Amino acid sequence: MHLYYLGPKGTFSYLAAQNYIQQSQYTKNLKLVSKESLYEVIMALNHKEDALAIVPIENAIEGTINIVADTLVHQKLCVIDEVTLKVQLALYGEHSQTVDHITHVYSIDPAISQAQQFIRRHHFNITNTTSTIAALSYINRHSAAIAPLGSGELYGYKALETHIEDSPNNMTRFLVLKNNTNITQLTGKECLMIITPTYDKPGILASILNTFYLFDINLKWVASRPLKTKLGRYRFFVQAESIDDHTLQKVCTILDTLDFQTTLLGRFN
């Protein structure tokens, strides 16, 4: 069974995929297959009904991963699990280098923004690259790369300094996706759904939140994305904790009465 991820080896998606393999019931059958973009990772599921994909959906600092949220709206996919990965960064260079040799660092913008204190302390010049792993190719005598801790070693580089991220509490949450054409029953304590208003009116978000509050349901995640039809129109992603089937049905019934369309993306533990 294929498990698609945003590659190449060493990315945060790769590390999250490795974590999932260790805890998954599919451990012996999963084969990691890299893709060049998150969109390609998700779309690959349309061509293999028994495959899985792992994609980031939320970062504790950067927020919702918009390309993933928007793509989930239009694809027949099901969320079957989630993986949380601690964001840890390192400065990678050649084995003969030390931090004192470095004047320039390369990485993607999110990694650079999450290591600002370290960069400013050392007065590094910075250049953006297409990925943290692509940044490794720019390593030379006076240049280094900021990449996920544990990734540079895969390509023969040395961690000149570790745990350089600004926040020690930064986490990224990943969703494990499957083509939903062959899924007949969803189970689990967590529920992820999309709630779309059928028309604009005052108190839309309050109506959604109050419906879950009515049943004392805690919401683990609430995010909004534009409907892309008119300025100021949004759909909402909601992840509820510890909600049973009976209560979920009541919630959906009320939301339907309030003129919301609900789409269940997944039930998982």
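Please read all numbers here as calculations on a predicted model, not as lab measurements. (Residues numbered from 1 in each chain as written. Predicted model: local features only at pLDDT ≥ 70, side-chain atom pairs only at ≥ 80, totals over all residues. Heavy atoms only, no water.)

K.L.:
Looking at this structure, I do not really get the domain arrangement of the protein. What am I missing?
P.N.:
You'll often see interface size given as the accessible area lost when the parts meet. Per the domain assignment, the segments of the protein are domain 1 (2-86 + 170-179), domain 2 (89-162) and domain 3 (190-264). If you average the C-alpha positions of domain 1 and of domain 2, the two centres end up 25 Å apart. If you look at the interface, domain 1 gives 11 residues, while domain 2 gives 10 residues. Both faces considered, domain 1 and domain 2 share a buried interface measuring about 740 Å² in area, 65% of it formed by carbon and sulfur atoms. One can count 0 salt bridges joining domain 1 with domain 2. (Domains from an automatic or database assignment. Contact = heavy atoms within 4.5 Å. Buried area = accessible area lost by both parts, 1.4 Å probe. Salt bridge = Lys/Arg side-chain N within 4 Å of Asp/Glu carboxyl O.)

K.L.:
Sorry if this is basic, but what is going on with the sheet that holds strand 6 (residues 89-93) here?
P.N.:
Hydrogen bonds between backbone atoms are what pair the strands of a sheet, whose relative direction is either parallel or antiparallel. The strand order 8-7-9-6-10 describes an open sheet built from 5 strands, whose pairing is mixed. For this open sheet the edge positions go to strand 8 (125-128) and strand 10 (158-162), each flanked by a neighbour on one side alone. The sheet shows a mean angle of 35° between the axes of neighbouring strands, direction not considered. Of the strand pairs in this sheet, strand 7 (residues 104-107) and strand 8 are connected by 4 bridges, and their pairing is parallel. Following the sheet pairing, His-104 is matched in strand 8 by Asn-125. (Pairing = 2+ DSSP bridges. Helix = DSSP H or I, 4+ residues; strand = E, 2+ residues; numbered from the N terminus. Axes fitted to C-alpha atoms, helices over the stretch in contact; angles between N-to-C directions.)

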